[in-house]
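Geometric and topological summary
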Amino acid sequence: MTTPALLPLSGRRLPPLNLGASAFPHHRATLRLSEKFILLLILSAFITLCFGAFFFLPDSSKHKRFDLGLEDVLIPHVDTSKGGKNLGGFLIHGQGHDEHRHREEEERLRNKIRADHEKALEEAKEKLKKSRDEIQAEIQTEKNKVVQELKRKDSKPLPPVPLPNLIGINSGEPADPDIREKRNKVKEMMKHAWDNYRQYGWGHNELKPIARKGHSTNIFGNSQMGATIVDALDTLYIMGLHDEFREGQEWIDKNLDFSVNSEVSVFEVNIRFIGGLLAAYYLSGQEVFKIKAVQLAGKLLPAFNTPTGIPWAMVNLKSGVGRNWGWASAGSSILAEFGTLHMEFVHLSYLTGDPVYYNKVMHIRKLLQKMDRPNGLYPNYLNPRTGRWGQHHTSVGGLGDSFYEYLLKAWLMSDKMDTEARKMYDDAIEAIEKHLIRKSNGGLTFIGEWKNGHLERKMGHLTCFAGGMFALGADGSRDDKAGHYLQLGAEIAHTCHESYDRTALKLGPEAFKFDGGVEAVAVRQNEKYYILRPEVIETYWYMWRFTHDPKYRQWGWEATQAIDKYCRVSGGFSGVKDVYSSSPTYDDVQQSFFLAETLKYLYLLFSNDDLLPLDNWVFNTEAHPLPVLHLANTTLAGNPAYR
């Protein structure tokens, strides 16, 4: 893998730009003041007071008074001849007013300023007597006060909301001892990944399992936000690893802080953090997860401040300043980014009663509905300033993928009431099937990429999620084509399994071609890597749920064994750089999505269907389960799409 940082990193992903941590200076909301700076502040305050006294003290020798510019002042006059009860109009009090009262006022002001000077001098003397440690302790105390005040303001109680009917959150034990053993193996792998992250990368976003230290990428900015902790929580919970879950909850409660000067990917933070926190809340009922999700969502909202309402790709969590990736088609936003917010934002509005989140994503939908689409296809790039498409590149893999997924899942999450989303999904899939889906000479069904009127016969690992999507969307498809789409899902699953089976490691490459005699095989060196991705296993799981064909469990077990054999190291799990080499080198990154998605889908594959049943739960694109919102519970019933 020659340029890993320029390639898609996880789930439904886009390529992040590898600027490195040094590109973003690290600041905190509270300043680290040195004791020298404190003394300088004190002395400057003292000098300011002295100058104030020199210029503004009244000159008593000349007995001047403060002149308000009024020659005559109207003063109410009490008629005392009638017992002081009656106001007898006004006295005119002019130039002959008593000077004695002015002298008293001047003397009082002089005494006050003198007292203030003496107090400032005493405070300065006391500061100068203190040791360096005492001064630092005082600074830290003040910083802690500021932080606690910010937390208090951010932790406003949210309105009580009835939880949806949550079914199947801690079951799924298979009766078959062989399947149970395989499920326990996946759980052991999760424990190995978590324990090593806990030991070597705790609080960092990800882990370098060979170097045994923390790791991060620029999608998280320059901050350590514990991405692996948030991403892994719901997997820990459904596996019954409750001690580890409580460790993560404690870290989040005490350390997860969004008031950082850090530029993050709106898309990645939404699917990993907001999705992960919401899922942890629904599964456990712990309020801290809901509160943190809402705090973070508020930090993302400034990204929508564009001329069109299409959000920027990145936003600074502290300043709210947004921008797009430099490589993205003349400053465009990316379809798979701004189109992968709906699930999380609808749940935010549901939990808070605040329609702002729902309105943001519905505005995006309305704008897209008005736009012309070349050949019925959605290009991957849209300019947030002009509202026009960028280059005409359409993909069901990186840059496009999860947009289509979220159209289908918006319909499912609404208890199949959001028919507008379902229609958009059906229209898009028909265009994709017409223009992008082909059969190879060897009979393998694949999904290519449309580039300026030309079909590129290449499929990415990311695109392999589509097999599961077609199966998930089969029920409810137009023209009674449920059987057709279930079969299409099976064909995609078969193609993606072939991409695994045709390698030395039995793990799939990042992308594979269908040109000439080459089928389901990577050609370029920088497409031969495997970075613990979940999409193929995700499709196996969906196909298992809908067909119960045992081959999907068999294929999933093959992948489990390959990951354990070739990606496992003593410090966790690492991606590999060449799946066609029998002795591969490691990339030394344990991705957070490995714990959030890959291991979760494997565990579900070897569990009974009553664990997170699909009639009650919809998984976001990072595999975080969110409950279906039935009309009786939702705050969004006023929307025409839900009627």
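All of these numbers come straight from a predicted model, not from anything done at the bench.

1. Remarks on the pattern of salt bridges
One pass over the structure, following the stated rule, counts 39 salt bridges. Among the salt bridges present, the one from Glu250 reaches Lys254, with a minimum N-O distance of 3.2 Å. Of this pair, Glu250 and Lys254 both sit in helix H6 (residues 242-255), four residues apart, which is roughly one turn of that helix. Residue class for Glu250 comes out partly exposed when judged on its relative accessible area of 46%. For Lys254, a relative accessible area of 55% corresponds to the exposed category. Connected via shared salt-bridge partners are Arg422, Lys423, Asp426, Asp427, Glu430 and Arg478.

2. Brief notes about the pairing of strand E16 (residues 511-515)
The side chains of a regular strand alternate, residue by residue, between the two faces of the sheet. A large share of E16 lies buried, amounting to four of its five residues. Pairing geometry for strand E15 (residues 458-460) and E16, over three bridges, is antiparallel. Looking at the pairing, Met459 lines up with Phe512 of E16. Looking at chain direction, E16 and strand E17 (residues 518-521) are connected through three bridges and run antiparallel.

3. Here's the deal with the sheet that holds strand E6 (residues 314-316)
Taken in spatial order, the three strands line up as E5-E6-E7 in an open sheet, and their pairing is antiparallel. In this open sheet, the two strands that pair with only one neighbour each are strand E5 (263-265) and strand E7 (322-323). Pairing geometry for E6 and E7, over two bridges, is antiparallel. In the strand pairing of E7, Met314 is matched with Arg323. Against the sheet, helix H7 (residues 266-284) engages E5 and E6, with an angle of about 65 degrees to E5.

4. A look at the packing of aromatic side chains
Summed over all chains, the structure comprises 26 aromatic pairs. Measuring from centroid to centroid gives 4.4 Å for Phe446 and Phe514, while their planes differ by 10 degrees, and the two rings are stacked. One end of the pair, Phe446, is in strand E12 (residues 445-447); the other, Phe514, is in strand E16, and 68 residues separate them in sequence. Its relative accessible area of 3% is what places Phe514 among the buried residues. Above the face of the Trp202 ring, Arg198 is positioned so that its terminal group lies 4.1 Å from the ring centre.

5. Considering unusual backbone geometry
A positive phi angle, close to 85 degrees, is found at Leu399, a residue other than glycine. Mapped onto the fold, Leu399 is located in the loop between strand E10 (393-394) and helix H12 (401-413). Residue Leu399 is classed as buried on the basis of its relative accessible area, which comes to 8%. One non-glycine residue with positive phi stands out, namely Lys416, at about 65 degrees. For Lys416, the location among the structural elements is in the loop between H12 and helix H13 (419-435). On the basis of relative accessibility, which here comes to 39%, the residue Lys416 falls in the partly exposed class.

6. Notes on the UniProt feature "binding site: Ca(2+)" (unreviewed entry) in the protein chain
If you check UniProt for "binding site: Ca(2+)" (unreviewed entry), the listed places come out as Thr621 in our numbering. With respect to the secondary-structure elements, Thr621 resides in the loop between strand E20 (617-619) and strand E21 (625-627). Judged by relative accessible area, Thr621 falls into the buried class, the value being 1%. A distance of 2.9 Å separates a polar atom in the side chain of Thr621 from a polar atom in the side chain of Glu405.

7. Quick notes on helix H15 (residues 482-501)
Along its 20 residues, H15 runs 29 Å from first to last C-alpha, staying within 8% of the 28 Å computed at 1.5 Å per residue. Restricting attention to buried positions, one finds in H15 the residues Tyr485, Leu488, Gly489, Ala490, Ile492, Ala493, Thr495, Cys496, His497, Glu498, Ser499 and Tyr500.

8. Here's the deal with the state of the cysteines
Across all of its chains, the model carries one disulfide by this definition. Shown here is the disulfide that connects Cys464 with Cys496, its sulfur atoms set 2.0 Å apart. Between Cys464 and Cys496, the S-S dihedral sits near -95 degrees, and the bridge is therefore left-handed. Note that Cys464 is positioned in the loop between E15 and helix H14 (465-472) and Cys496 in helix H15, a separation of 32 residues in sequence.

9. Observations regarding the sheet that holds E10
Here we have three strands laid out as an open sheet, ordered E10-E13-E14, and antiparallel in their pairing. Each end of this open sheet is capped by a strand with a single partner; those strands are E10 and strand E14 (454-456).

Cut-offs applied
Residues numbered from 1 in each chain as written. Predicted model: local features only at pLDDT ≥ 70, side-chain atom pairs only at ≥ 80, totals over all residues. Heavy atoms only, no water. Salt bridge = Lys/Arg side-chain N within 4 Å of Asp/Glu carboxyl O. Helix = DSSP H or I, 4+ residues; strand = E, 2+ residues; numbered from the N terminus. Buried < 20%, exposed > 50% of the residue type's maximum accessible area, 1.4 Å probe, protein only. Pairing = 2+ DSSP bridges. Contact = heavy atoms within 4.5 Å. Axes fitted to C-alpha atoms, helices over the stretch in contact; angles between N-to-C directions. Phe/Tyr/Trp six-rings, centres within 6.5 Å; stacked < 30°, edge-to-face > 60°. Lys NZ or Arg CZ within 6 Å of the ring centre and 35° of its normal. UniProt positions renumbered as here; feature names shortened; annotations may be inferred. Polar contact = N/O pair within 3.5 Å; in protein donor to acceptor, adjacent residues only side chain to side chain. Expected span 1.5 Å × (residues − 1). Disulfide = S-S within 2.5 Å.

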